[in-house]
Amino acid sequence: MDKLFIDQTYQTPLVILDPQNNAFEIRGNSMPNNPHWFYLPVLKWIDDYSNSSNPESVFVFKLSHQNSSSKKMFQEMIKSLNRIHESGKKIRIDWHYPADDEDLHQAGVEFKKSVPFPINCLPTS
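If you're wondering where the values come from, they're calculated on a predicted model, not measured in any experiment.

The rules behind each value
- Residues numbered from 1 in each chain as written.
- Predicted model: local features only at pLDDT ≥ 70, side-chain atom pairs only at ≥ 80, totals over all residues.
- Heavy atoms only, no water.
- Helix = DSSP H or I, 4+ residues; strand = E, 2+ residues; numbered from the N terminus.
- Expected span 1.5 Å × (residues − 1).
- Buried < 20%, exposed > 50% of the residue type's maximum accessible area, 1.4 Å probe, protein only.
- Arc of directions from axis to C-beta.
- Contact = heavy atoms within 4.5 Å.
- Polar contact = N/O pair within 3.5 Å; in protein donor to acceptor, adjacent residues only side chain to side chain.
- Axes fitted to C-alpha atoms, helices over the stretch in contact; angles between N-to-C directions.
- Parallel < 35°, antiparallel > 145°, perpendicular 65-115°, else oblique.
- Phe/Tyr/Trp six-rings, centres within 6.5 Å; stacked < 30°, edge-to-face > 60°.
- Salt bridge = Lys/Arg side-chain N within 4 Å of Asp/Glu carboxyl O.

Enquirer: Even after reading the chapter, I still don't get helix α3 (residues 102–114), so can you show me in this structure?
Expert: A turn of α-helix holds 3.6 residues, and therefore any two residues three or four places apart point the same way. Compared with the 18 Å implied by 1.5 Å per residue over 13 residues, the 19 Å span of α3 between its first and last C-alpha is a close match. Every buried residue belonging to α3 is among L104, A107, G108 and F111, and all of these are buried. An end-on view of α3 places all buried positions within 95° of arc, on one side of the element. In the core, the buried residues of α3 are packed alongside β4 (56–66), α2 (68–86), β5 (90–98) and β6 (119–124). Where α3 begins, the capping side chain belongs to D101, and its oxygen is found 3.1 Å from the backbone nitrogen of D103.

Enquirer: Could you clarify how one ought to interpret the packing of helix α1 (residues 35–50) against α2 in this entry?
Expert: Each packed pair of helices is defined by two parameters, the angle between the axes and the distance between the axes. The geometry of α1 relative to α2 is characterised by a closest axis approach of 9 Å and an angle of 5° between their N-to-C directions. It follows from the interaxial angle that α1 and α2 lie roughly parallel. On the side of α1, the interface is formed by P35, H36, Y39, V42, L43, I46, D47, Y49 and S50, while α2 contributes S69, S70, M73, F74, E76, M77, S80, L81, R83 and I84.

Enquirer: How should I be thinking about the packing of aromatic side chains in this particular structure?
Expert: Between two aromatic rings, the relevant description is the distance of the centres plus the angle of the planes. Here the structure, examined in full by the defined rule, presents eleven aromatic pairs. A ring pair is formed by Y39 and F74, whose centres lie 5.4 Å apart and whose planes are at 65°; its orientation type is edge-to-face. Of this pair, Y39 sits in helix α1 while F74 sits in helix α2; the two residues are 35 residues apart in sequence, bridging distant segments of the chain. Between Y49 and F59, the ring centres sit 6.3 Å apart and the planes meet at 65°, which makes this aromatic pair edge-to-face. Here F59 lies in strand β4 and Y49 lies in helix α1, a separation of ten residues in the sequence. Neither residue differs from the other here; Y49 and F59 are each classed as buried. Chaining the aromatic ring pairs together yields one cluster made of F38, Y39, F61, F74, W95 and F111.

Enquirer: Explanation requested: α2 in the structure shown.
Expert: Its 19 residues give α2 an end-to-end C-alpha distance of 27 Å, which sits within 8% of 27 Å, the value for a rise of 1.5 Å per residue. Those residues of α2 that sit buried are S70, M73, F74, M77, I78, S80, L81, N82 and I84. Next to the buried residues of α2 lie β3 (23–30), α1, β4, β5 and α3. Backbone geometry just downstream of α2 places G88 in the positive-phi region, at approximately 95°.

Enquirer: Explanation requested: the pattern of salt bridges in the structure shown.
Expert: Opposite charge on two side chains lets them pair, provided their charged atoms get close. Applying the stated rule across the entire model yields six salt bridges. We note a salt bridge from K44 to D48, for which the minimum N-O separation is 3.0 Å. Here K44 and its partner D48 are both found in helix α1, four residues apart, which amounts to about one turn of the helix. Taking relative accessible area as the criterion, D48 reaches 34% and is therefore assigned partly exposed.

Structural data, given as structure tokens:
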């Protein structure tokens, strides 16, 4: 499976989805004008990956900021990642958030409640 790389801008995060190196990360600001169009290739990639995933995968989210539309897209990603868990493979999310950002922390807590696989909420300074 090919890797997906989307370069970071001020409004959009860096996206690295690289199964050969077991590297899965979304990092930076997530405030695209149209989150659906920005995240559509990410969602498609995750759907494809769920059919042939690695035995263990850790998806890292290191967000500086997210808008409410991005949060909805992350919910969709997490639902798709749950299919990997349901197939019997190990999946985990490390949700990094700025220690002083209660909204991003709360988003991680809500995501954690929505799926049976581990989501670690990790404050960063």
